[in-house]
Amino acid sequence: MTGNFFSLAVWKIFPAMAADITDVTDESLGTDVQESVSEVTSQATEEVNQVVRYFEDHIPDIIAFGLKVVFALIFFFVGSKLINWLRKIVRKSFERTGTDAGVSQFIDSMLKFGLYAILIFIIATKFGVESSSVAALIASAGVAVGLALQGSLSNFAGGILILLLKPFSVGDYVIVTQENIEGTVKEIQIFYTKLATVDNQTVVVPNSILTNNSLTNVTARPERKLNLKVGISYDADLKRAKSLVEGMLLHDPSVIQNEEIRVFVDSLGESAVVIGIRAWVSTEEYWNTRWRLLEDIKLVFDKEGIEIPYNQLTVHMKKACEEYENCNGNHTKIMTQTMEEKNS
């Protein structure tokens, strides 16, 4: 309060002195701003000059680094073309020697990864990286990657076991019951095997699953046994039915005639006499033959009057008492009469 009053008094009593003070203050502020601007400008100019001097001093190094990058890209491009050319030669050699398609695909994948690793190693050494440092880096990275990718390494080992033991080949139809997986083998790679399902879907299966679980190779053999069961009525002519089925098998072009053909009574079921049918067919013709025979058996049995029965249950009802002539299965009435007789 006192300070404000004093300032007002100065302005009132000494107006000239106040004007001089104001002029001095404005001049000092302008001088400070100019000095700050000059200082900032000089600092920015100095930094720009340092950058320019750095580039001027290191122009040969920058040009040399740029040339290295260009040569590395060219070297990588040429190396990729060379790798593809080598892979093509290896694939053609496998085709000429009739090597298994799974082995060919597996070796091609390994060759691709190996050659690209060597190419990257050579490019790194050309950039001035010491080979010992690169080897140490690869070793340490290999340990870390090995711990992190244990599943992938087991898949790699599984791929090698598949190639050595050959539980299946490309083109085989396999079933992995535990995993509910089945399909035709299309590719055997380093870590995975590709299957094609019946409806043409691609299933990628890790190799460890195929080696650690039991699987069924449906198409491993050139022939396959056809096993059918057909039920006929107990009232039908059994020998006639067997004769008709035997005739169909003997005249079917897909059935191998020099192999065993058997038609027999497999079991006496609750509703039908079950006839067993066994014959050998080629693996490629298995499903077509099975479908065709089942349809032909049904049509021939219908034509010959041989019944293929439904599941049925025959119920025999005993008359409870003579005085009720029309009880019609009135179980409640019979039970009431029985209870009254026991009470009396």
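A quick note: this is a predicted structure, and the numbers were derived from the prediction, not measured.

Caption draft 1: Region of interest: the overall build of the protein chain. Broken down by element type, the protein chain carries 10 helices and 8 strands. Pairs at least 24 apart in sequence give 62% of the contacts found in the protein chain among residues at least 6 apart. Working note: accessible area of the protein chain is about 24600 Å², and carbon and sulfur atoms make up 59% of it.

Caption draft 2: Layout of the pairing of strand β4 (residues 202-206). As paired strands, strand β3 (residues 192-196) and β4 are joined by 5 bridges and run antiparallel to one another. Its bridge partner being in β4, threonine 193 is matched across the sheet by valine 205. Hairpin remark: β3 followed by β4, antiparallel, with 5 residues in the connecting loop; positive phi at asparagine 200, about 65°.

Caption draft 3: The arrangement of the packing of helix α8 (residues 238-250) against helix α9 (residues 286-304) in detail. Packing of α8 against α9 leaves a shortest axis separation of 11 Å and a crossing angle of 140°. Judged by the angle between their axes, α8 and α9 are oblique. Every pair of crossing elements has a handedness; the one defined by α8 and α9 is right-handed. For the pair α8 and α9, contact is made by Arg240, Ala241, Leu244, Val245, Met248 and Leu249 and by Leu293, Asp296, Ile297, Val300, Phe301 and Glu304, respectively. Looking at side-chain class alone, the contact of α8 with α9 contains 9 nonpolar, no polar and 3 charged residues.

Caption draft 4: A look at the nonpolar core. Within the largest apolar cluster, 22 residues are counted, with the highest numbers of intra-cluster contacts made by Ile232, Leu249, Ile277, Phe301 and Ile306. Sorting the residues of this core by element identifies β6 (223-232), α8, β8 (273-282) and α9 as the ones contributing at least two each. Filtering out sequence-adjacent residues up to four positions away, isoleucine 277 remains in contact with Leu226, Asn227, Leu228, Val230, Val245, Leu249, Arg262, Phe264 and Ile297. Counting residues in each nonpolar core, the second largest holds 13 residues, with Ile162, Leu195, Val205 and Leu210 among its members.

Caption draft 5: Quick look at the packing of aromatic side chains. Throughout the structure, instances matching the rule amount to 4 aromatic pairs. With 5.8 Å between their ring centres and 35° between their planes, tryptophan 287 and tryptophan 291 make a pair best called tilted. Taken together, the residues tryptophan 287 and tryptophan 291, both in helix α9 and 4 residues apart, mark about one turn of the helix. An aromatic cluster is present here, built from Tyr286, Trp287 and Trp291 joined pairwise through their rings. Just above the ring of tyrosine 286 sits the side chain of arginine 224; from NZ or CZ to the centre is 3.8 Å. Between arginine 262 and the ring centre of phenylalanine 264, over which it is positioned, the NZ or CZ distance is 5.5 Å.

Caption draft 6: Up close: the sheet that holds strand β1 (residues 173-176). The antiparallel open sheet is built from 5 strands, whose spatial order is β4-β3-β2-β1-β5. The open sheet has two edge strands with one neighbour each: β4 and β5 (216-217). Both β1 and strand β2 (residues 181-188) contribute to a ladder of 4 bridges, which runs antiparallel. Counted as the bridge partner of tyrosine 173 is threonine 184 from β2.

Caption draft 7: How the structure looks around the side chain of asparagine 217. For asparagine 217, the location among the structural elements is in strand β5. Among the polar contacts made by the side chain of asparagine 217, one reaches the side chain of aspartate 172 at a distance of 3.2 Å. Within the local environment of asparagine 217, its side chain forms a polar contact with the backbone nitrogen of alanine 220, the two atoms lying 3.3 Å apart. Setting aside residues up to four positions removed in sequence, asparagine 217 forms contacts with Pro167, Phe168, Asp172, Tyr173 and Val174.

Caption draft 8: Region of interest: the pattern of salt bridges. In the structure shown here, the tally under the stated rule is 7 salt bridges. Notably, a salt bridge pairs aspartate 266 with lysine 229, separated by 3.5 Å at the nearest N-O pair. With a gap of 37 residues between them, aspartate 266 in strand β7 (residues 262-268) and lysine 229 in strand β6 connect regions that are remote in the sequence. The salt bridge partner of glutamate 260 is arginine 262, with a shortest N-O separation of 3.8 Å. Of the residues examined, glutamate 260 reaches a relative accessible area of 44% and is grouped as partly exposed. One network of salt bridges, with partners in common, ties together Arg87, Arg91 and Asp108.

Caption draft 9: Seen up close, the sheet that holds β6. If you trace the 3 strands from one edge of the open sheet to the other, you get β6-β8-β7, paired in antiparallel fashion. Both outer strands of the open sheet, β6 and β7, are each paired with one neighbouring strand and no more. Neighbour to neighbour, the strand axes of the sheet diverge by 25° on average, direction disregarded. Sitting on the sheet, α9 touches β6 and β8, and the angle it makes with β6 is about 25°.

Caption draft 10: Quick peek at unusual backbone geometry. Positive phi, close to 55°, is recorded for lysine 166, a residue that is not glycine. Examined against the element boundaries, lysine 166 turns out to sit in the loop between α6 (150-165) and β1. For lysine 166, a relative accessible area of 47% corresponds to the partly exposed category. The phi dihedral of asparagine 200 is positive, around 65°, even though this residue is not glycine. If you trace the backbone, asparagine 200 turns up in the loop between β3 and β4.

Rules used throughout
Residues numbered from 1 in each chain as written. Predicted model: local features only at pLDDT ≥ 70, side-chain atom pairs only at ≥ 80, totals over all residues. Heavy atoms only, no water. Helix = DSSP H or I, 4+ residues; strand = E, 2+ residues; numbered from the N terminus. Contact = heavy atoms within 4.5 Å. Areas by Shrake-Rupley, 256 points an atom, 1.4 Å probe, with all protein chains shown as cover. Pairing = 2+ DSSP bridges. Axes fitted to C-alpha atoms, helices over the stretch in contact; angles between N-to-C directions. Parallel < 35°, antiparallel > 145°, perpendicular 65-115°, else oblique. Left-handed = near helix turned anticlockwise from the far one by under 90°. Nonpolar A, V, L, I, M, F, W, Y, C, P; charged D, E, K, R; others polar. Core = buried A, V, L, I, M, F, W, Y, C linked by side-chain atoms within 4.5 Å. Buried < 20%, exposed > 50% of the residue type's maximum accessible area, 1.4 Å probe, protein only. Phe/Tyr/Trp six-rings, centres within 6.5 Å; stacked < 30°, edge-to-face > 60°. Lys NZ or Arg CZ within 6 Å of the ring centre and 35° of its normal. Polar contact = N/O pair within 3.5 Å; in protein donor to acceptor, adjacent residues only side chain to side chain. Salt bridge = Lys/Arg side-chain N within 4 Å of Asp/Glu carboxyl O.

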